[in-house]
Amino acid sequence: MTETVSDRFRGRRIVVGIYLAVVALAGVFGAAVGVLLPVESGRDIQEASIAGLEFAVTPLNFAVYGVVMVGVGLGVLLLAVRFVSRFDDDAVDGN
Amino acid sequence: MDISGQIVLTALMAVFLFGVVLFLARAADWRTYTPLAGGGSGIVSQEGGYGHAEKPAGIFRWLTTVDHKDIGILYGVYAILAFAWGGIAVIIMRAELITPGIDVTQALAGAMGVSSGQNLYNGLLTSHGITMLFLFGTPILAAFSNYLVPLLIDADDMAFPRINAIAFWMLPPGAVLIWAGFFIAPFVESVAPSMASWTMYPPQSVEQTATGGAASSIAQLNAGTDLMLLGLHLTGVSATMGAINFIATIFSERGPEVGWDKLDIFSWTILTQSALILFSFPLLGSALVMLLLDRNFATTFFTTDGGGTILYQHLFWFFGHPEVYILVLPPMGIISYVLPRFAGRKLFGFKFVVYSTLAIGVLSFGVWAHHMFSTGIDPRIRASFMAVSLAIAIPSAVKTFNWITTMWNGKIRLTTPMLYCIGFVANFIIGGVTGVFLASIPVDFLLHDTYYVVGHFHYVIMGAIAFAVFAGVYYWFPLVTGRMYQVTLAKAHFWLTMVGTNLTFFAMILMGYAGMPRRYATYNLITVGPIDLIQTMHVLATVGAFILLVGQIIWLWNMVQSYLEGPRVGPDPWNLEEDGVDSREWDWFENRLETALTDGGEPEDADADA
Ligand code: HEM
Ligand SMILES: [Cu+2]
């Protein structure tokens, strides 16, 4: 068997798929950090604040934080990719 | 047994070994490596094409070869053996860390001639780091560059084929010296595996004895460390010779059609990497010699009344940071080379990828002190190193951006090499972003010397560099062996490696947040976090490591089995021509297949399953 996979996926579907997977993962990681911080002895962090916004350190809050941060951060990057790809002379995707 | 008995036994052993050597050398049908589909029946392969018409059969072929392709294969086999050594070391360490106390290494220590479990752990840690960086990382990249660069630039061979061979043959003695502590420890009480860690910081590395404590005036220094330093020096000389050879080759051996504008992206990264090696490895060599002198001849380069321990750190990291880019640039080249092939198009922004490679090469010499933020160096110096460290993230981001855009406007085939390319990009982003956080001084104060740092650089080294290596191995496997690997096993290998990597190293990042310091065999005495939580994460990391182990065993099996019995491939195993993305090395391959056929290969073999 040779590995001449003939299924072809449109690149942007794959990229967007990876983006969604990463954002979801960021949620999981955020939740993990949310579990971790309050029980860490010596530091005992119960509250966090970003830009004046105070919130309790819970798994849910941190999951939201992870999703929003990574979602926006990588989202901006993705928009930039979309914009720059208009100037891509070698594009083969067809639209 | 009395002395004469032992002498007789030794003589018998010598005769026996001599017999083995004779046998290996004579064995007429020693399986001769045939780099392509034809033959393989034990005759000397049809080395048509150029340069190396006649090669002796059997083991002598490998001992005497100056052919860049053979040397590439030697580097590859060597690196895989080292990968196994480093892997086994870390598996023992991960097993130790399942529980807070000392157990696994304690049980092994006696048999291995080491005074305590902790000392064995430290020896394994040192060996793992040095082996993976110097005996696996650099050589596996040299495997690719030796095999491919002359093909890609249309050269007959390397500029200095014999120096190429010498550079390789310095590595095996280097490895033996680096690992020597383990071999000698069971027999000699005052020798143990070196416990200096890969950074070998004085004063500890200068004073440590085999039992682990600082030297009293009579305690004997551990010769395991001296041997390791000598071996390391040898590998450094080897890398430098190789680098000079690549620079000369790429500058002066390019074929008539390969102008600078036609130079492929992989060769660009090898050229830049070689320049980094040339400027940084001699410095490591000097620092190692000074360390050896301090240890054995009472010089005071790095003692407090001499140059001081900070001097060592400056010298070491002036080498050490470029070293991480020495390891990452060629993998980036592999990704830039392979990823577009399975997106069915050219790399987006080729020029910018080259420029960012050169920029990384230059900037990587200006960031070393970010490894020394917590040593109390001048705050103004610290701030400037922080700035450059943040700046170096930009060219890396440019590359990432270009890879993603290449995929965005492409039609993607999810072959195993492509999966590894995508995995590379994902893991490299995590590794890079965690690095940028460390480069900010206040964050580094919190996280320095915790597992966070270990998580950071393993995302890059395992998650990215090793992934690119696997992408390259799978992509060029048909080129080197003329055969195809087993696809199902390859996919299993990918998914196990992806899951194992992220499980292991993400658990480490979390552990770092919880304050778990790095480089300890036990954590029953730490005061930072609740032990059961830390233990949970250690267990997760260990589970991940075992998943990785299973994946790599599958990979090894797949490589060996497919090399021996895999189906033979035709001239374009990846269907690159369909998308118009074929390249020089596959043209060479096609050419070789054809010459092999007219030279009396077995045609029915060659296109049986193509
Ligand atoms: C993308 C930009 C990167 C930045 C800004 C960065 C930054 C840092 C910083 C500041 C540290 C010091 C942490 C400490 O000891 O407290 C560090 C450690 C480390 N980094 Fe990176 N890094 C980056 C990429 C890489 C890459 C590509 C590699 C590997 C190829 C790498 C390998 C390492 C290693 C091995 C260490 C540990 C050194 C030790 O033993 O203490 N880093 N990194
Ligand atoms: Cu660094």
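First, a word on scope: everything that follows refers to the structure included in this document.

The rules we used
Residues numbered from 1 in each chain as written. Chains lettered and ligands numbered in written order. Predicted model: local features only at pLDDT ≥ 70, side-chain atom pairs only at ≥ 80, totals over all residues. Heavy atoms only, no water. Helix = DSSP H or I, 4+ residues; strand = E, 2+ residues; numbered from the N terminus. Expected span 1.5 Å × (residues − 1). Bend = angle between axes of the 7 residues up to and from the residue. Buried < 20%, exposed > 50% of the residue type's maximum accessible area, 1.4 Å probe, protein only. Contact = heavy atoms within 4.5 Å. 1 Å grid on protein atoms, 1.4 Å probe; cavity = no way out; pocket = protein on both sides within 12 Å on 5 of 7 lines; lining within 4 Å. Points joined across faces, edges and corners; volume = space filled by probe spheres on them. Nonpolar A, V, L, I, M, F, W, Y, C, P; charged D, E, K, R; others polar. Donors = N, O, S within 2.8 Å, 3.2 Å for Na, K, Ca; no water. Pairing = 2+ DSSP bridges. Axes fitted to C-alpha atoms, helices over the stretch in contact; angles between N-to-C directions. Parallel < 35°, antiparallel > 145°, perpendicular 65-115°, else oblique. Near = heavy atom within 4 Å. Polar contact = N/O pair within 3.5 Å; in protein donor to acceptor, adjacent residues only side chain to side chain.

**Some details on helix 7 (residues 171-184) of chain B**
Residue and element names in this part refer to chain B.
Piece 1. Here helix 7 spans 20 Å end to end across 14 residues, near enough to the 20 Å set by a 1.5 Å rise per residue.
Piece 2. Roughly 50° is the biggest bend found in helix 7, and it falls at Ile 178.
Piece 3. Along helix 7, the residues that are buried comprise Leu 171, Gly 174, Ala 175, Ile 178, Trp 179, Ala 180, Gly 181 and Phe 182.
Piece 4. Where helix 7 is buried, its residues contact helix 3 (68-96), helix 4 (104-112), helix 5 (117-152), helix 6 (161-169) and helix 9 (223-252).

**Comments concerning empty space enclosed by the protein**
Residues and elements named next belong to chain B.
Piece 1. Tallying each qualifying case throughout the model produces six cavities of 30 Å³ or more.
Piece 2. Considering only enclosed or pocket space, the largest cavity measures out at about 200 Å³ in volume.
Piece 3. Lining the largest cavity are 20 residues; nearest its centre among them are Tyr 75, Thr 138, Ala 142, Ala 239 and Ile 277.
Piece 4. Those elements giving two or more residues to the lining of the largest cavity turn out to be helix 5, helix 9 and helix 10 (265-296).
Piece 5. With seven residues, the top contributor of residues to the lining of the largest cavity is helix 5.
Piece 6. Residues that form the lining of the largest cavity fall into these classes: eleven nonpolar, nine polar and no charged.

**Topic: the coordination of the copper ion (ligand 2)**
Residue and element names in this part refer to chain B.
Piece 1. Around the copper ion (ligand 2), the protein supplies His 321 (ND1), His 370 (NE2) and His 371 (NE2) as donor atoms, at distances of 1.8 to 2.0 Å.
Piece 2. Read from N- to C-terminus, the donor residues coordinating the copper ion (ligand 2) fall into the pattern H-x48-H-H.
Piece 3. The class of His 370 is buried, set by a relative accessible area of 16%.

**Re the pairing of strand 2 (residues 47-50) of chain A**
Residues and elements named next belong to chain A.
Piece 1. As paired elements, strand 2 and strand 3 (residues 53-56) share four bridges and run antiparallel to each other. Within strand 3, the position partnered with Ala 48 by the bridge is Phe 55.
Piece 2. Adjacent in sequence and paired antiparallel, strand 2 and strand 3 are bridged by two residues, among which Ala 51 carries a positive phi angle near 50°.

**With respect to the coordination of the iron atom of ligand 1**
Piece 1. No other protein atom reaches the iron atom of ligand 1 as a donor apart from His 456 of chain B (NE2), found 2.2 Å away.
Piece 2. Separating the iron atom of ligand 1 from the copper ion (ligand 2) is a distance of 4.5 Å.

**Some thoughts on the packing of helix 3 of chain B against helix 6 of chain B**
All names here are of chain B.
Piece 1. Axis separation between helix 3 and helix 6 bottoms out at 10 Å; the angle between their running directions is 10°. When the axis of helix 3 is compared with that of helix 6, the two are roughly parallel. Here helix 3 contributes His 68, Ile 71, Leu 74, Tyr 75 and Tyr 78 to the contact with helix 6, which in turn contributes Pro 161, Asn 164, Ala 165, Ala 167, Phe 168 and Trp 169.

**Notes on the site of ligand 1**
All names here are of chain B.
Piece 1. The local shell around ligand 1 holds 22 residues, among which Val 324, Asp 444, His 448, His 456 and Arg 518 are the closest.
Piece 2. Contact distances for ligand 1 include 3.4 Å between an oxygen atom and a side-chain N or O atom of Trp 198.
Piece 3. Those elements that provide at least two residues to the shell around ligand 1 are helix 11 (309-338), helix 15 (416-438) and helix 17 (451-481).
Piece 4. Take the shell around ligand 1: its biggest share by element is five residues, from helix 17.
Piece 5. For the shell around ligand 1, the residue count by class is twelve nonpolar, seven polar and three charged.

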